[in-house]
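Here are the chains, one letter per residue:
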Amino acid sequence: VDLASGQVTLDVEQLLSESVFESILLGHDKYRILQEVKELEVESFWITYKPLLLVAIFVAVVSATAVLNSSTPSFMLWMRYFMAGFFISFSFFKFLDLKGFANSFCMYDPLAMRVKAYGKVYPFIELSLGLLFLIAFNPIVTNLATILILGISTIGVIQSVVDKRKIQCACIGTVFNLPMSKVTIIENSIMIGMAITMIIVKSI
């Protein structure tokens, strides 16, 4: 504790969300938390989001190749393969640093904030969804689960972007330092849109 500067330095084993400190200071109006925002070097969109864009392009191309080699090629089949590749590849990056991902994920995902174990289970859920899409297991159930899981995460992402919080996006784990931004919202929205489309088509 440095009384002169009014700063407290903590040595912690894992990252703690701002809400944790706010709950500790609840009722102590004399103290408050100020978020220090460091000026980041301005980078081009491509350099910043290169890992995410490359993964998306690779998955899209591989999915298109698989569809073109199938007996009944269609856009719906491409979407199913894309969803499978998306979840499997993104879960892989999260498994590279499972603990780090869980710590970053709980900074914005509403469910992970309340249930810490959810952050460590999430990559397994993504991997399972990817495999379910790959084998076309019960499309309605698989797509509904996708909408629910990504929907919860998207709510947290939107809140973080609206609040202009400078935190790391853990969509492809902590291996790449991607900033939380509207790109994450667009990414999740596209996946949710695909899931909704597949449900509608299956229901017709």
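In this text the structure is predicted, and so the values were computed from the model without any measurement. (Residues numbered from 1 in each chain as written. Predicted model: local features only at pLDDT ≥ 70, side-chain atom pairs only at ≥ 80, totals over all residues. Heavy atoms only, no water.)

Caption draft 1: Fine view of unusual backbone geometry. A positive phi angle is found at Ala-136, which is not glycine, with a value near 55°. Structurally, Ala-136 can be placed in the loop between helix H6 (116-134) and helix H7 (139-162). Here Ala-136 falls in the partly exposed class, since its relative accessible area comes to 35%. If you check the backbone angles, Lys-164 has positive phi at about 55° while not being a glycine. Tracing the chain through its elements places Lys-164 in the loop between H7 and strand S1 (168-169). On the basis of relative accessible area, Lys-164 is assigned to the exposed category, the value being 67%. (Helix = DSSP H or I, 4+ residues; strand = E, 2+ residues; numbered from the N terminus. Buried < 20%, exposed > 50% of the residue type's maximum accessible area, 1.4 Å probe, protein only.)

Caption draft 2: Summary view of the nonpolar core. One finds Leu-52, Met-83 and Phe-87 to be the most contacted residues of the largest nonpolar core, which totals 42 residues. Mapped onto this core, the elements with two or more residues apiece are helix H2 (45-68), helix H3 (75-95), helix H4 (98-105), H6, H7 and helix H8 (182-203). When residues of this core are assigned to their parent elements, the largest contribution, 10 residues, is made by H3. Dropping the residues within four chain positions of it, Leu-52 is found in contact with Phe-90, Cys-171, Ile-172, Leu-178, Val-183 and Glu-187. (Core = buried A, V, L, I, M, F, W, Y, C linked by side-chain atoms within 4.5 Å. Contact = heavy atoms within 4.5 Å.)

Caption draft 3: Spatial organisation of a nonpolar patch on the surface. Taken together, the side chains of Val-1, Leu-3, Val-8, Leu-10, Val-12 and Leu-16 make up a nonpolar region of the molecular surface, amounting to roughly 640 Å² of accessible area. Relative to the helices and strands, Leu-3 resides in the segment before helix H1 (18-24). (Patch = residues over 30% accessible without salt bridge, like charges linked within 9 Å, V, L, I, M, F, W, Y side chains within 5 Å. Areas by Shrake-Rupley, 256 points an atom, 1.4 Å probe, with all protein chains shown as cover. Salt bridge = Lys/Arg side-chain N within 4 Å of Asp/Glu carboxyl O.)

Caption draft 4: Quick peek at H6. Here H6 is 19 residues long and its end C-alpha atoms lie 29 Å apart, about the 27 Å a rise of 1.5 Å per residue gives. Where H6 bends most, the angle comes to about 40°, and this point is Tyr-122, followed within four residues by the proline Pro-123. Along H6, the residues that are buried comprise Tyr-118, Gly-119, Tyr-122, Pro-123, Glu-126, Leu-129, Gly-130 and Phe-133. Packed against the buried residues of H6 are H3, H4, helix H5 (110-114), H7 and H8. Ala-136 sits one or two positions beyond H6 and adopts a positive phi of about 55°. (Expected span 1.5 Å × (residues − 1). Bend = angle between axes of the 7 residues up to and from the residue.)

Caption draft 5: Here's a closer look at the packing of H3 against H8. Between H3 and H8, the shortest axis-to-axis distance is 11 Å and the interhelical angle comes to 140°. On the basis of the axis angle, H3 is oblique to H8. Crossing handedness for the pair H3 and H8: left-handed. Within the contact between the two elements, H3 uses Met-76, Trp-78, Met-79, Arg-80, Phe-82, Met-83, Phe-86, Phe-87 and Phe-90 and H8 uses Glu-187, Met-191, Met-194, Ala-195, Thr-197, Met-198 and Val-201. Along the lines of polarity and charge, the residues of the contact of H3 with H8 split into 13 nonpolar, one polar and two charged. (Axes fitted to C-alpha atoms, helices over the stretch in contact; angles between N-to-C directions. Parallel < 35°, antiparallel > 145°, perpendicular 65-115°, else oblique. Left-handed = near helix turned anticlockwise from the far one by under 90°. Nonpolar A, V, L, I, M, F, W, Y, C, P; charged D, E, K, R; others polar.)

Caption draft 6: Summary view of the pattern of salt bridges. Within this structure, the stated rule accounts for one salt bridge. Across the salt bridge formed by Lys-94 and Glu-126, the nearest N and O atoms sit 3.0 Å from each other. One end of the pair, Lys-94, is in helix H3; the other, Glu-126, is in helix H6, and 32 residues separate them in sequence. Per residue, the accessibility class of Lys-94 equals that of Glu-126, and both read buried.

Caption draft 7: Quick look at the environment of Phe-137. If you trace the backbone, Phe-137 turns up in the loop between H6 and H7. As a C-alpha pair, Phe-137 and Ile-158 span 21 residues in sequence and 30 Å in three-dimensional space. Residue contacts for Phe-137: discarding those within four places in its chain leaves Leu-132 and Thr-142.

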